[in-house]
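Listed below, chain by chain, are the residues.
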Amino acid sequence: MAGIGEPGQRAGSALDLSAVRLSGDPLTSTPLNGGDDLVLMGRAEDVSAVLRAVADQPGTRALPAPAGEGREARERLGRWLQTHTGVTDTTRQQEVLTRVGLASDVGPRTRIEDLSLVSRARLRFAAVVLVGETAADVTHVVLDSPFADVPGHQRAGLRSILVRELRTSGLGAVLSTDSPVDALVLGARTIELDAEQVAQ
């Protein structure tokens with residue numbers, strides 16, 4: 001049940017989430033195949049807790065949002081990408097940063113604090129690309145609120161980038177959002193959480 005586009009499904013890529021339980025019931029009894037996306041909606045606390053549990057499952061890789069302020073925001077993009085993807089080749093990092101739409105003067109030596117909110121989202125999608133290229137054991141990336149605080153008119157472009165890179169790599173995503181439009185564009189299965197239970 002892939003979303004938009006024709007995914008290159010990853011071998012042996014079913015993600016079984018039946019071990020993730022809410023009030024004794026599984027999050028879902030239907031496995032996610034490679035290229036399948038699952039969107040979680042509901043109270044932020046409930047959704048974040050479920051995403052953490054999903055990220056503990058084999059075959060997943062959580063890609064956190066880059067820090068917008070504080071000490072972590074002073075980290076360079078290349079270091080952040082290395083930490084979350086294992087890729088140390090700065091030439092490849094630069095290629096991927098450009099591929100996801102960052103300006104040509106933004107590179108591995110740029111600090112995260114120098115990026116706008118939208119550019120930080122693009123950095124996260126660069127990590128999706130690198131995980132797709134290098135982590136054969138990963139079938140699904142876990143993204144907590146990848147479009148958080150991004151205005152609606154700027155979300156469309158970001159959604160397109162995420163869909164393109166997921167489909168190109170054959171990766172699936174388990175992510176959260178507060179927008180039904182995000183789920184619709186991704187073509188994802190959607191689960192609404194309410195009071196630590198699956199509402200639908």
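Scroll up to find the structure.
Being a predicted model, the structure only gives us computed values, none of them experimental.

Attention now moves to the nonpolar core. Membership of the largest hydrophobic core comes to 41 residues, with the highest contact counts inside it found for Leu81, Leu123, Val141 and Leu162. Of all the secondary structure elements, the ones that give two or more residues to this core are β3 (37-42), α2 (77-85), α3 (90-99), α4 (117-134), β5 (140-143), α5 (152-169), β6 (172-176) and α6 (180-186). Residues Leu22, Leu40, Val54 and Val174 belong to the second largest nonpolar core, which totals 16 residues.

Our next topic: the environment of Glu72. Along the polypeptide, Glu72 turns up in the loop between β4 (60-62) and α2. Taking the C-alpha atoms as reference points, Glu72 and Arg111, separated by 39 residues in sequence, lie 9.6 Å from one another. In contact with Glu72, not counting residues within four places along its chain, are Ala67 and Ile112.

To continue, consider the pairing of β3. Here β3 lies mainly inside the structure; five of its six residues are buried. In terms of strand pairing, β3 meets β6 through four bridges, oriented parallel. Counterpart to Leu38 in the pairing with β6 is Val174. In this sheet, strand β7 (residues 189-194) lies alongside β3 in parallel orientation, the contact comprising five bridges. The residue bridging Val39 from the neighbouring strand is Thr190, located in β7.

Below, the discussion takes up the environment of Val185. Structurally, Val185 is set in helix α6. C-alpha separation for the pair Val185 and Arg159, spaced 26 residues apart in sequence, amounts to 7.4 Å.

Criteria and thresholds
- Residues numbered from 1 in each chain as written.
- Predicted model: local features only at pLDDT ≥ 70, side-chain atom pairs only at ≥ 80, totals over all residues.
- Heavy atoms only, no water.
- Core = buried A, V, L, I, M, F, W, Y, C linked by side-chain atoms within 4.5 Å.
- Buried < 20%, exposed > 50% of the residue type's maximum accessible area, 1.4 Å probe, protein only.
- Helix = DSSP H or I, 4+ residues; strand = E, 2+ residues; numbered from the N terminus.
- Contact = heavy atoms within 4.5 Å.
- Pairing = 2+ DSSP bridges.

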